[in-house]
Amino acid sequence: MNNLGNKPSLAVNIGGIGMQNPVTTASGTFGFGQEYSPYIDINRLGAIVVKGTTLRPRQGNVTPRIVETPAGILNSIGLQNPGVDYVLEHYVPYFKSLQVPVIVNISGDTVEDYGKVAEKLSVAGVAGLEVNISCPNVKKGGMAFGSDPTMAAEVTAVVKAAANVPVIVKLSPNVTDITKVAEAVAVAGADALSLINTLLGMSIDIKTRRPVLGNIMGGLSGPAVKPVAVRAVWQVYNAVKLPIIGMGGISNADDALEFILAGASAVAVGTANFVNPRATLEIIDGIERYLVENGIDDISDLVGAAHK
Ligand SMILES: Cc1cc2nc3c(=O)[nH]c(=O)nc-3n(C[C@H](O)[C@H](O)[C@H](O)COP(=O)(O)O)c2cc1C
């Protein structure tokens, strides 16, 4: 409460998607939402971001696909998902029943695939699309779309032309200068950005003397990546004017506040959901408490405040 006894405002707007608070979920760690409904009241979240969806169903990579590391996990799930038509038939009716916006994360092997998925998902019940550009471009020898500003811009433009909902482009940290990709996708029409995706890593079993993951390499997430993610948000906030959803190692409200101070308008919780399914709700309550304790009426006053 401020001195007038009013609750602070937590509402944010991410590229046209209105959220009652700045906390959402990171794709791939929250299924299609339904999986978490026995544990938390999903309607208390700002939004949910669901699993990466592709044009055709995907079985994912060979196992093992997850390995624990000292401060996080490595995963090589390989975008296992039932395909866009299944999502439209089986999950979109559930999305419509929720009171919070549902953002669908999309992936593709080609620019054309991204466009087709975006068009199919431009339906009631889907509030926005988050474009995962960390996938390999099969037509360009498997180089990740997100590692090259030109390819990243191309995907963004195709998705923007195909979609009639806001488009959030999710940036990869596996680049030399993340601001170059951010600037390119901003020019190509992105409505918002989310960052960061996982950091490429690997782990070797010294007993078998073989890589642990079936796919050899995987993506690192969890507390270990947080300083990298905060740095990326800080740099991108300085480079472009788009709203940012910050993520990478957020486990509690203090972590989330760091991202907001660095320039994120919203935050997403990923790996922490596996440890504590209630993490998102605790983070919302913790952010609200921080605002009250510091006499701040509106969360937007904190966004990027560390730059001042
Ligand atoms: C098991 C797992 C699956 C993931 N699947 C996706 C995905 O389908 N699409 C995507 O854009 N990011 C995916 N991610 C990346 C997360 O959304 C997030 O960007 C990353 O894990 C950093 O956040 P965290 O440290 O809070 O987990 C996945 C991460 C994990 C751990």
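Here the structure is a predicted model, which is why all the values come from computation and not from measurement.

S.K.: Tell me about the overall build of the chain, and please be specific about residues and values.
M.R.: Tallying secondary structure elements over the chain gives 8 helices and 18 strands in all. For 308 residues, the compact-globule estimate of 2.2 N^0.38 gives 19 Å, and the C-alpha radius of gyration of the chain, at 18 Å, lies within 12% of that figure. Dimensions along the principal axes, computed over C-alpha positions, put the chain at roughly 60 × 50 × 40 Å. Taking all 308 residues of the chain together, 54% fall into the buried category. Taking the intrachain contacts of the chain between residues at least 6 apart in sequence as the baseline, contacts between residues at least 24 apart amount to 69%. As displayed, the chain offers around 13100 Å² of accessible surface, 53% of which is attributable to carbon and sulfur atoms. Here the chain contributes 23 positively and 26 negatively charged side chains, and the mean placements of these two sets differ by 6 Å.

S.K.: Now, about empty space enclosed by the protein: what can you tell me, with residues and values included?
M.R.: In this structure the tally under the stated criterion is 1 cavity of 30 Å³ or more. Taken as a whole, the largest cavity spans an internal volume of roughly 30 Å³. The wall of the largest cavity is formed by Thr 24, Thr 25, Ala 26, Ser 27, Val 49, Glu 130, Lys 170, Ile 245, Met 247 and Ala 268. Contributing elements (two or more residues each) for the lining of the largest cavity: β3 (23-25) and β17 (244-247). Partitioning the lining of the largest cavity into residue classes produces 5 nonpolar, 3 polar and 2 charged.

S.K.: With reference to specific residues and values, describe the site of the ligand.
M.R.: Within the structure, the ligand sits among 23 residues, and Ser 27, Lys 170, Gly 222, Gly 249 and Thr 271 are positioned closest to it. One of the side-chain N or O atoms of Lys 170 is found 2.8 Å from an oxygen atom in the ligand. Protein burial of the ligand: of its 610 Å² of free accessible surface, 97% is covered by the chains. Looking at the shell around the ligand, the elements with two or more residues in it are β4 (48-53) and β6 (72-75). Tallied by class, the residues present in the shell around the ligand amount to 6 nonpolar, 15 polar and 2 charged.

S.K.: Provide a residue-level description of the sheet that holds β6, including the pertinent values.
M.R.: If you walk across this open sheet you meet the 4 strands as β5-β6-β16-β13, and the pairing is antiparallel. Two strands close off the open sheet at either side, each with one partner strand: β5 (66-69) and β13 (199-202). Taking each pair of neighbouring strands and ignoring which way they run, the sheet shows an average axis angle of 40°. With 4 bridges connecting them, β13 and strand β16 (residues 217-221) associate as antiparallel partners. Bridged to Leu 200 within β16 is Gly 219.

Rules behind the numbers
- Residues numbered from 1 in each chain as written.
- Predicted model: local features only at pLDDT ≥ 70, side-chain atom pairs only at ≥ 80, totals over all residues.
- Heavy atoms only, no water.
- Helix = DSSP H or I, 4+ residues; strand = E, 2+ residues; numbered from the N terminus.
- Rg over C-alpha atoms; globule rule 2.2 N^0.38 Å.
- Buried < 20%, exposed > 50% of the residue type's maximum accessible area, 1.4 Å probe, protein only.
- Contact = heavy atoms within 4.5 Å.
- Areas by Shrake-Rupley, 256 points an atom, 1.4 Å probe, with all protein chains shown as cover.
- Lys, Arg positive; Asp, Glu negative; His and termini not counted.
- Charge placed at Lys NZ, Arg CZ, Asp CG, Glu CD.
- 1 Å grid on protein atoms, 1.4 Å probe; cavity = no way out; pocket = protein on both sides within 12 Å on 5 of 7 lines; lining within 4 Å.
- Points joined across faces, edges and corners; volume = space filled by probe spheres on them.
- Nonpolar A, V, L, I, M, F, W, Y, C, P; charged D, E, K, R; others polar.
- Near = heavy atom within 4 Å.
- Polar contact = N/O pair within 3.5 Å; in protein donor to acceptor, adjacent residues only side chain to side chain.
- Pairing = 2+ DSSP bridges.
- Axes fitted to C-alpha atoms, helices over the stretch in contact; angles between N-to-C directions.

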